[in-house]
Amino acid sequence: MIKFSIITCTYNAGEFLQRTVDSVLAQTYPSIEHILMDGASKDDTLSIIQGYVEKNKKENSPHDIIVHSEPDKGLYDAMNKGIRQASGHYLLFLNAGDVFPSDDTLSKVARVGEEADPLPGVLYGDTDIVDADGNFLSHRRLSPPDHLTWKSFIHGMLVCHQAFYARADLAKANLYNLDYRFSADVDWCVRVMKSAEEKNVSLKRVPYVVVHYLDGGMTNKNHRASLKERFAIMCRHYGFLRTFFMHVWFVFRAVLKK
């Protein structure tokens, strides 16, 4: 049976964390570990986590919960700590405010993964955007292709970070680059997919919405800096000229849509 390691990194996330842990607790799939990496929060985040741990025990849930609370060097450092802790076959990141669309989401993902031998390097699905109250806003603008490769991301981040399930061995060999402050997730996804190609393992699409993503994350709040960083990342992986002309096309396409 595939085991999933869900990693949730928090810092003063009390406003949105409850619905995320409730969503994980509601998953009917049994083989789950939930790793909560907290950056020494000063609000009610830790009390929410403690309540979650107690409720998990009370309901005799088969899920394992691992909690660490200590200062870190930022989100991507916390994510790296979570990756190192993970013991599952796949790991995924679920931020405070993000939730699974249904109680059987991980069961659906597991079924797709188990169809392949060897296990795919990445399992990926669709994303819906929700507001602060959990209400549906839209389908994510960029949709994942049926056939994904690391080269696909020249067209943008076609798979939402939270809808990208990385095989743990590939993730552990490709930690987040802490030189990037806002878009290290793009670089990480590309490097994981490159490693999958080197090992000759597939990237498999899950034909479902696998996450409801809370609108307005760190990248949105630092949009200009994030765009500059993404350009540098794409140049690193795809070369300057190809990246430059692709961005010219992005601008032209945006003008045509107006």
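Here, every reference points to the structure presented above.
Overview of the structure. On a predicted model such as this, the values are computed, not experimentally measured, just so you know. Within each chain, residue numbers correspond to sequence positions counted from 1 in written order. Per-residue local features are limited, in this predicted model, to residues with pLDDT of at least 70; the limit for side-chain atom pairs, both in listing and counting, is 80 or more; totals at the level of whole chains, interfaces and linings are taken over all residues. Note that the side-chain values use all heavy atoms of the structure and ignore hydrogens as well as water.

### Points about the overall build of the protein
Link 1 in the chain: A helix here means a DSSP run of H or I that spans at least four residues, while a strand means a run of E at least two residues long, and both kinds are numbered starting from the N terminus. Secondary structure assignment for the protein yields 9 helices and 8 strands.
Link 2 in the chain: Computation of the radius of gyration draws on C-alpha atoms alone. For the globule rule, the value is 2.2 Å times the number of residues to the power 0.38. By the compact-globule yardstick of 18 Å for 258 residues, the protein fits well, its C-alpha radius of gyration being 18 Å.
Link 3 in the chain: C-alpha atoms of the protein, sized along the principal axes, occupy 55 × 45 × 35 Å.
Link 4 in the chain: Buried, partly exposed and exposed residues are distinguished by accessible area as a fraction of the type maximum, computed with a 1.4 Å probe on protein chains only: under 20%, between the cut-offs, and over 50%, respectively. Put simply, the protein has 258 residues, and 52% of those count as buried.
Link 5 in the chain: In the protein, 80% of the contacts between residues at least 6 apart in sequence involve partners at least 24 apart.
Link 6 in the chain: Carbon and sulfur atoms provide 53% of the accessible area of the protein, an area that totals close to 12,400 Å².
Link 7 in the chain: Positive charges are assigned to Lys and Arg, negative charges to Asp and Glu, while His and the chain termini are left out of the count. To locate a charge, take atom NZ for lysine, CZ for arginine, CG for aspartate or CD for glutamate. If the 31 positive side-chain charges of the protein are averaged to one point and the 31 negative ones to another, these points end up 7 Å apart. We call two residues in contact when some of their heavy atoms are within 4.5 Å. Where accessible areas are quoted, they stem from the Shrake-Rupley method and a 1.4 Å probe; at the residue level, only the protein chains shown are allowed to cover.

### Focus: the nonpolar core
The nonpolar side chains of a soluble globular protein tend to be buried, and buried together.
Link 1 in the chain: In these notes, a set of buried Ala, Val, Leu, Ile, Met, Phe, Trp, Tyr and Cys residues joined through side-chain atoms within 4.5 Å is what counts as a nonpolar core. Membership of the largest hydrophobic core comes to 74 residues, with the highest contact counts inside it found for Phe4, Phe153, Phe164, Tyr165 and Trp188.
Link 2 in the chain: A total of 8 residues in this core trace back to one element, the largest contributor, which is helix H6 (residues 184-198).
Link 3 in the chain: Contact partners of Tyr165, with chain neighbours within four places excluded, come to Phe4, Tyr90, Leu91, Leu92, Phe100, Thr105, Leu106, Val109, Gly121, Val122, Leu123 and Val210.

### What about unusual backbone geometry?
Link 1 in the chain: Residue Pro118 follows Asp117 across a cis peptide bond; omega there is 5°.
Link 2 in the chain: Mapped onto the fold, Pro118 is located in the loop between helix H4 (105-114) and strand E5 (122-130).
Link 3 in the chain: For Ala40, which is not a glycine, the phi torsion comes out positive at approximately 65°.
Link 4 in the chain: Inspection of the secondary structure assignment puts Ala40 in the loop between strand E2 (32-38) and helix H2 (45-58).
Link 5 in the chain: Overall, the relative accessible area of 24% leaves Ala40 in the partly exposed class.
Link 6 in the chain: In this structure, Asn200 takes a positive phi of about 60° despite not being glycine.
Link 7 in the chain: A relative accessible area of 70% places Asn200 in the exposed class.

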